[in-house]
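# Residue-level structural notes
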Amino acid sequence: MAVGVRERRKSLGLTQAQLAEAIGVSRQTIISIERSDYAPSVYLALRLAARLNSTVEQLFPLEGERR
């Protein structure tokens, strides 16, 4: 589900810890999102998208819409 988060984070040169601090969550939350073990709330998804200069749709594509 959230492979886009990991790819985008790495392309921006951010560590999991840096991203977590920037959006106010734990590093473990970022790990869980990147592993698709945790689906973020809409509010958290919006914060992730804003920090990663992306959209929620790009970071979390619906099944069958992954490009």
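Here, the structure is the one placed above.
Computed from a prediction, not measured in an experiment: that's the story for all the values here.

## Overview of helix 3 (residues 27–34)
Judged by how many residues are buried, helix 3 sits mostly within the fold: six of eight residues are covered. What helix 3 keeps buried is the set T29, I30, I31, S32, I33 and E34. Just beyond helix 3, the residue with positive phi is S36, at close to 65°.

## What to know about the pattern of salt bridges
With the rule as written, the count across this model stands at two salt bridges. Between R6 and E34 there is a salt bridge, and its shortest N-O distance comes to 3.5 Å. Here the residue R6 occupies a position in helix 1 (residues 3–11), and E34 occupies one in helix 3, the gap between them amounting to 28 residues. For E34, a relative accessible area of 2% corresponds to the buried category. Through salt bridges with shared partners, a single ionic network connects R6, R9 and E34.

The rules we used
- Residues numbered from 1 in each chain as written.
- Predicted model: local features only at pLDDT ≥ 70, side-chain atom pairs only at ≥ 80, totals over all residues.
- Heavy atoms only, no water.
- Buried < 20%, exposed > 50% of the residue type's maximum accessible area, 1.4 Å probe, protein only.
- Helix = DSSP H or I, 4+ residues; strand = E, 2+ residues; numbered from the N terminus.
- Salt bridge = Lys/Arg side-chain N within 4 Å of Asp/Glu carboxyl O.

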